[in-house]
Amino acid sequence: MRRPILVPMMLVMLALLLAWPALAQNSTRAGEYVVHYNALPSTRITPEVARRSGITRSANRALVNIAVRQGGPGADRAVPAQVKLAVTNLSGQRVGLRAREVREGDAIYYLAEARIAGQDTLTFELEVTVAGAAPIKASFRQEFFVE
């Protein structure tokens, strides 16, 4: 019997939203779409939620979260998209990441994992394409510290 993952995934989203109060600054608007993005050490996710969600919880892993919304504030809705994601470290090593789509009720978001090495600064580059719209490109830099 398969256990529902709605509650654990909602806890993942809550952890991501609480991780940085400046989440609103980690977004890019293009026309009627807004792409929200964030990254945090996977150790900030509880072991139970990580296990149920298929997230590798480790000091050398970062969790990346991307969500695409259509419409204005208060009247927006989640929309599916195609997400391409890559990460580059300070040494210039670039790696493509696989983002997996997660759907919970009306929520749609994309999760990916990146390797980190102790204190690390990573630059994430993303390209999000919603059907019928031009690709939306964004990048953000995140510093990680040894926990």
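For the structure given in this document, a descriptive report is provided here. Remember, it's a predicted structure, so these values are computed and weren't measured experimentally.

Things to note about the packing of aromatic side chains
For the coordinates displayed, the defined rule picks out 2 aromatic pairs. A centroid spacing of 4.9 Å and a plane angle of 25° characterise the contact between Tyr37 and Phe140, whose relative ring orientation is stacked. In this pair, Tyr37 sits in strand β2 (residues 33-41) while Phe140 sits in strand β10 (residues 136-144), placing the two residues 103 residues apart along the sequence. Judged by its relative accessible area of 6%, Tyr37 falls in the buried class.

Comments concerning the sheet that holds β10
Pairing in this open sheet of 4 strands is antiparallel, and the strands run β6-β5-β9-β10 from one edge to the other. Single-partner strands in this sheet number two, and they are β6 (94-97) and β10. Ignoring strand direction, the axes of neighbouring strands in this sheet form an average angle of 20°. Of the pairings in the sheet, the one linking strand β5 (residues 82-89) to strand β9 (residues 120-129) comprises 8 bridges and is antiparallel in character. Within the sheet, the bridge partner assigned to Ala86 lies in β9 and is Glu125.

Focus: the pairing of β5
Of all 8 residues in β5, 6 are buried, a share of seventy percent or more. When β5 meets β6, the two strands line up antiparallel, connected through 4 bridges. The residue bridging Leu85 from the neighbouring strand is Leu97, located in β6. Where β5 folds back onto β6 in an antiparallel hairpin, the turn is made up of 4 residues, including Gly92, whose phi is positive at roughly 90°.

Things to note about the pattern of salt bridges
Under the defined criterion, the tally for this structure stands at 6 salt bridges. Here Glu113 ties to Arg61 by a salt bridge, and the two come within 3.7 Å at their closest N and O atoms. Separated by 52 residues along the polypeptide, Glu113 in strand β8 (residues 107-115) and Arg61 in strand β3 (residues 61-70) bring together distant segments of the chain. Relative accessible area serves as the criterion here: at 22%, Glu113 is assigned to the partly exposed category. Between Glu127 and Lys137 there is a salt bridge whose closest N-O contact spans 3.7 Å. One end of the pair, Glu127, is in strand β9; the other, Lys137, is in strand β10, and 10 residues separate them in sequence. A relative accessible area of 61% means that Lys137 is categorised as exposed.

Definitions and limits used
- Residues numbered from 1 in each chain as written.
- Predicted model: local features only at pLDDT ≥ 70, side-chain atom pairs only at ≥ 80, totals over all residues.
- Heavy atoms only, no water.
- Phe/Tyr/Trp six-rings, centres within 6.5 Å; stacked < 30°, edge-to-face > 60°.
- Helix = DSSP H or I, 4+ residues; strand = E, 2+ residues; numbered from the N terminus.
- Buried < 20%, exposed > 50% of the residue type's maximum accessible area, 1.4 Å probe, protein only.
- Pairing = 2+ DSSP bridges.
- Axes fitted to C-alpha atoms, helices over the stretch in contact; angles between N-to-C directions.
- Salt bridge = Lys/Arg side-chain N within 4 Å of Asp/Glu carboxyl O.

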